[in-house]
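Survey of secondary and tertiary structure
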Amino acid sequence: MAPLLEIRNATRHFATQGGAPVTALDGLSLTVADNEFVTLLGPSGCGKTTLLRAISGFEDLDSGDILIEGTSILDRPAHARPVNTVFQNYALFPHMNVARNVGYSLEVAGVSGAERARRVAEALELVGLGGYGERSVRQLSGGQQQRVALARAIVARPRLLLLDEPLSALDRNLRQRMQEELKQLQHGLGISFVFVTHDQEEALTMSDRIVVLDGGRIQQLGPPEDIYFRPENAFVARFVGESNLVTAHVLSRSGEEGLLEVAGGARLVLSGDRVVPGIDATLLFRPESVSVASGPEAAASEPGAAGLSLAGRLTQSSFTGSDYRLEIDVPGVGPLKATVRHLAQSSSGGLAPGEPVALHVPSAAIHVLAGPPA
Amino acid sequence: MFRKRIGLLAVYGIAFFAFIYAPIFLVVVYSFNANPVNMMIWSGFTLDWYRTIFGFSAATTELSLYVESTDQLLRAVRNSLIVALTTTLVSTVLGTSVALAVARFRFRLKAFYRALMFLPMIMPDIVLGIALLIFFVSFGMSLGLVSIIIGHCTFLTSYVFIVVSARLAGMDMSLEEASADLGANGWVTFRKVTLPLILPGVIGGALLAFIISMDDLVITYFISGVDSTTLPVFIYGMLRRGIKPEINAIATVMLLFSFLVASLGLYFRARGR
Ligand SMILES: Nc1ncnc2c1ncn2[C@@H]1O[C@H](COP(=O)(O)OP(=O)(O)OP(=O)(O)O)[C@@H](O)[C@H]1O
Ligand SMILES: [Mg+2]
């Protein structure tokens, strides 16, 4: 069966004043299945909005195709496409009350008054705004407007809902609540969501699959765990979560395992297809998988433990409430980040900048990237 | 020191408004003055001048004998209304469409086109009047209501364009996209979203066009024919034979009419907020 949405080789350039054309979409292909929550994640200008607008019919493609259930929709105008959008600025009609805003698509489709009223009430109930129908949209708070926009987009039960940074205008608390509600709503309604954000945390919590975009191209596509723990390349590693990237030369390989040496001389054993003798591999590990020991005795710590052991000097330490964030300068490697629960007590009573420390990263927490750290 | 300045400011303000409104106030007062010979001298209250212009006989008419024929006056009023209403309709439709097109579409020479739409506003009336006269004559068109209407439309379309454009500039374009996204085609979107939102601008532009058309003397003077005299042209003709009391009554009625139209405009603007 054809997937709900399929994008094939979508390419779009924009002419700029006097300069070289900007590539907003660069041969992008993607499929979205039924009842799936797919997030487009990427930095500003990477083409997220352009892709969404191409699907909804407000932007043309230079080449490529967009299909819904196997049928191309490129020749259909925006109003004839079976998708609805929640706009970033909500785009509520200021001259209509909440109920008329929500019922707009039904009104346009000629759904009778009574039926319309029933479905509008139902949609408002669903977004937690039951009884708000008669209010003017101008009197609503940002969060309420956001819910009205959502209700308006789902009232006609589209198969596919496009959301362009719908939560970016909300404050932190409200945003977190709406994230949960959106996810529940998506699941409950069985509508597929294509959700745009440049907030990686939002993407990680909500999505079934994440599409990391940069320069109009897909950098990685996969479930949140893959994106976070097994990024394909340095861009994804840097963009999603905090990361330490270290270059290591692969010395030899025997069976599944290879021996690597990082700048500064430390060696470690790693397994995996990407460990090929003779190449420089890029190792990724997250700050929270680094353990830190302090004191001069630690400087030459157990070299036998499986993983990467390094010695360095603490340059910065800050307390975030639940954790300490440390920055450690390792000679030959550069500054590395570590997040630890407790600071190991040294003779002086705490870790102070300038003190020598020993780091250890277990092998299991080290991920080898494809390609160099761009 | 500060209080003194405020005092000066108040005096200045009063003087300023007196300067603007005193002449108008005098016209209204004189329109009720019974003295038929010298309206500067008050000789009692009368409504005779109003009776005269509306065609009722009055005691003082013998003395004034000014409006030779009320028919002429009424015909001028009728001509003015026909011209103003037709012009308003045509220039509102044209001006609004052009404003929508300029706001929506990207095309070459757009800035130039916009400038062209502004030009008739700063063009001296007398130049426009002469140009239109030469145009009509060289095309062999007889001067009459039609030529006046065409002439008025040429510059009033610009006024409507500018008022509606201002309103469109403040309108969020994503609303039209939202409407299309929810399944409305172009025409339905225009009817249900665009038009209601720009309506205050459209009505404002229409009222402006109506008032200017009713009021225009210079351009109309050039392009009106013998029996297509409008009210301003008719009054101008009367004045050349001396200022007589009926003129005050006509002016007062016109003033009242303008106030009504303007309040209507303000009402719609307030509702559009
Ligand atoms: N109408 C346009 N004309 C010219 N260039 C455009 C146009 N729309 C988008 N672009 C360019 O295309 C690129 C992608 O833009 P897009 O709006 O898709 O980015 P985005 O990922 O949505 O960014 P953001 O997170 O800032 O919203 C950008 O470089 C942008 O400048
Ligand atoms: Mg965007």
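From a predicted model like this one, the values you see are computed outputs, not experimental measurements.

1. Concerning the overall build of chain A
Within chain A, the regular secondary structure consists of 9 helices and 20 strands. Each of the three principal axes of chain A carries a C-alpha extent, and together these read 80 × 45 × 45 Å. For chain A, the residues scored as buried account for 46% of the 374 residues in total. A sequence separation of at least 24 residues applies to 66% of the contacts in chain A between residues at least 6 apart. For chain A, the distance from the average site of its 32 positive side-chain charges to the average site of its 41 negative ones is 6 Å.

2. Focus: the overall build of chain B
Each helix and strand counted, chain B has 12 helices and 0 strands in total. Ordering the α and β elements of chain B from the N terminus gives α-α-α-α-α-α-α-α-α-α-α-α. In terms of C-alpha radius of gyration, chain B reaches 23 Å, well past the compact-globule figure of 19 Å for 273 residues. Structurally, chain B occupies a C-alpha span of about 70 × 70 × 35 Å along its principal axes. Expressed as a percentage of the 273 residues in chain B, the buried residues total 42%. Partitioning the contacts of chain B with sequence separation of at least 6, the portion at a separation of at least 24 is 69%.

3. Some details on the side chain of Ser158 of chain B
Residue and element names in this part refer to chain B. Of note, Ser158 is situated in helix H7 (residues 145-169). Of the residues examined, Ser158 reaches a relative accessible area of 2% and is grouped as buried. Ser158 has contacts with Met117, Pro120 and Met121, leaving out every residue within four places of it along the chain.

4. A look at the domain arrangement of chain B
Partitioning chain B into structural domains gives domain 1 (2-53) and domain 2 (70-242). Centre-to-centre, using C-alpha coordinates, domain 1 of chain B lies 33 Å away from domain 2 of chain B.

5. Points about the domain arrangement of chain A
Residue and element names in this part refer to chain A. Segmenting chain A into domains produces domain 1 (5-238) and domain 2 (242-368). On a C-alpha basis, the centroid separation for the pair domain 1 and domain 2 is 40 Å. Taken together, the contact pairs 9 residues of domain 1 with 7 residues of domain 2. Buried surface at the junction of domain 1 and domain 2, both sides included, amounts to about 700 Å², of which 45% is carbon and sulfur. With a shortest N-O distance of 3.5 Å, Glu232 and Arg274 are connected by a salt bridge.

6. Considering the site of ligand 1
Residues and elements named next belong to chain A. Near ligand 1 the following residues occur: Phe14, Val22, Ala24, Pro43, Ser44, Gly45, Cys46, Gly47, Lys48, Thr49, Thr50 and Glu165. Ser44 places a polar side-chain atom, nitrogen or oxygen, 2.4 Å from an oxygen atom of ligand 1. A distance of 2.6 Å is found between an oxygen atom of ligand 1 and a side-chain nitrogen or oxygen belonging to Thr49. Protein chains shield 65% of the accessible area of ligand 1, which is 640 Å² for the free molecule. For the shell around ligand 1, the per-class residue count stands at 5 nonpolar, 5 polar and 2 charged.

7. Considering the sheet that holds strand S19 (residues 356-362) of chain A
All names here are of chain A. Within the open sheet, the 5 strands sit side by side as S15-S19-S16-S17-S18. Their pairing is antiparallel. At either end of the open sheet lies a strand with only one pairing partner, and these are strand S15 (291-294) and strand S18 (334-340). The average angle at which neighbouring strand axes cross in this sheet is 40 degrees, direction not considered. Pairing of strand S17 (residues 324-330) with S18, which is carried by 7 bridges, proceeds in the antiparallel orientation. Residue Leu326 lies in a different strand from S18, and its bridge partner there is Ala338.

8. Points about the packing of helix H6 (residues 125-138) of chain B against H7 of chain B
Residues and elements named next belong to chain B. The interhelical angle for the contact between H6 and H7, taken along N-to-C directions, is 135 degrees, at an axis separation of 11 Å. Compared by their axis directions, H6 and H7 come out oblique. For the crossing formed where H6 meets H7, the hand is right-handed. In this structure, H6 uses Leu128, Leu132 and Phe136 to contact H7, whose residues at the interface are Ser147, Ile150, Gly151, Thr154 and Phe155. Here the residues of the contact of H6 with H7 sort into 5 nonpolar, 3 polar and no charged.

9. A short note on the confidence of the model for chain B
Residues and elements named next belong to chain B. On average, residues of chain B score 86 in pLDDT, and 93% of them are at 70 or above. When mean pLDDT is compared element by element in chain B, helix H8 (residues 174-181) scores highest at 95, while helix H3 (residues 61-64) scores lowest at 49. Interface predicted TM-score (ipTM) for the complex: 0.81; the corresponding pTM is 0.80.

10. Focus on the pairing of strand S4 (residues 63-68) of chain A
All names here are of chain A. Where strand S1 (residues 5-14) meets S4, 5 bridges bridge the pair, whose relative direction is antiparallel. The residue of S4 that forms the bridge with Ile7 is Ile66. Judged from the 2 bridges that link them, S4 and strand S5 (residues 71-72) form a sheet pairing that is antiparallel. Within S5, the residue paired with Leu67 across the bridge is Ser72. Following S4, the chain reverses through 2 residues before pairing antiparallel with S5; Glu69 in that reversal takes a positive phi of roughly 50 degrees.

11. Quick word on the environment of Ala78 of chain A
Along the chain, Ala78 of chain A falls in the loop between S5 and strand S6 (83-86). In the structure, Ala78 of chain A is positioned 22 residues away from Ser56 of chain A in sequence and 5.9 Å away in space, judged by C-alpha atoms. Among residues more than four places away in sequence, those in contact with Ala78 of chain A are Ser56, Gly57 and Phe58 of chain A together with Ala180 of chain B.

12. Some remarks on the layout of surface pockets
Considered as a void within the structure, the largest pocket measures approximately 760 Å³ in volume. Lining the largest pocket are 21 residues, and of these Phe58 of chain A together with Arg104, Phe105, Glu176 and Glu177 of chain B sit closest to its centre. The residue makeup of the lining of the largest pocket, split by class, is 10 nonpolar, 6 polar and 5 charged.

13. Points about the pattern of salt bridges
Opposite charge on two side chains makes pairing possible when the charged atoms of those side chains draw close. For the structure shown, the criterion picks out 28 salt bridges over all chains. Linked by salt bridges that have partners in common, Arg12, Arg53, Glu59 and Asp62 of chain A together with Glu177 of chain B make up one network.

14. With respect to the nonpolar core
If you look at the biggest cluster of nonpolar residues, it comprises 41 residues, and the most contacted ones within it are Phe93 and Tyr104 of chain A together with Phe161, Val164, Leu168 and Ile198 of chain B. At the level of elements, helix H4 (70-104), H6, H7, H8, helix H9 (186-215) and helix H10 (218-223) of chain B are the ones that each hand at least two residues to this core. A per-element tally of this core places H7 of chain B first, with 11 residues. Beyond its immediate chain neighbours, meaning those up to four positions away, Phe93 of chain A contacts Asn101, Tyr104, Val137 and Arg152 of chain A together with Leu175, Ala178, Ser179, Leu182 and Val193 of chain B.

15. Looking at H9 of chain B
Helix length check: H9 of chain B (30 residues) gives 38 Å between terminal C-alpha atoms against 44 Å at 1.5 Å per residue, more than 12% under. Of all the bends in H9 of chain B, the largest measures some 55 degrees and sits at Leu199 of chain B, one to four residues before the proline Pro200 of chain B.

16. Topic: the packing of aromatic side chains
All names here are of chain A. Within this structure, the stated rule accounts for 17 aromatic pairs over all chains. Measuring from centroid to centroid gives 5.4 Å for Phe37 and Phe193, while their planes differ by 45 degrees, and the two rings are tilted. Linking Phe37 in strand S3 (residues 37-41) with Phe193 in strand S8 (residues 192-197), this pair joins segments that are 156 residues apart in sequence. Each of the two residues, Phe37 as well as Phe193, counts as buried.

How each quantity is defined
Residues numbered from 1 in each chain as written. Chains lettered and ligands numbered in written order. Predicted model: local features only at pLDDT ≥ 70, side-chain atom pairs only at ≥ 80, totals over all residues. Heavy atoms only, no water. Helix = DSSP H or I, 4+ residues; strand = E, 2+ residues; numbered from the N terminus. Buried < 20%, exposed > 50% of the residue type's maximum accessible area, 1.4 Å probe, protein only. Contact = heavy atoms within 4.5 Å. Lys, Arg positive; Asp, Glu negative; His and termini not counted. Charge placed at Lys NZ, Arg CZ, Asp CG, Glu CD. Rg over C-alpha atoms; globule rule 2.2 N^0.38 Å. Domains from an automatic or database assignment. Buried area = accessible area lost by both parts, 1.4 Å probe. Salt bridge = Lys/Arg side-chain N within 4 Å of Asp/Glu carboxyl O. Near = heavy atom within 4 Å. Polar contact = N/O pair within 3.5 Å; in protein donor to acceptor, adjacent residues only side chain to side chain. Areas by Shrake-Rupley, 256 points an atom, 1.4 Å probe, with all protein chains shown as cover. Nonpolar A, V, L, I, M, F, W, Y, C, P; charged D, E, K, R; others polar. Pairing = 2+ DSSP bridges. Axes fitted to C-alpha atoms, helices over the stretch in contact; angles between N-to-C directions. Parallel < 35°, antiparallel > 145°, perpendicular 65-115°, else oblique. Left-handed = near helix turned anticlockwise from the far one by under 90°. pLDDT = per-residue confidence, 0-100. 1 Å grid on protein atoms, 1.4 Å probe; cavity = no way out; pocket = protein on both sides within 12 Å on 5 of 7 lines; lining within 4 Å. Points joined across faces, edges and corners; volume = space filled by probe spheres on them. Core = buried A, V, L, I, M, F, W, Y, C linked by side-chain atoms within 4.5 Å. Expected span 1.5 Å × (residues − 1). Bend = angle between axes of the 7 residues up to and from the residue. Phe/Tyr/Trp six-rings, centres within 6.5 Å; stacked < 30°, edge-to-face > 60°.

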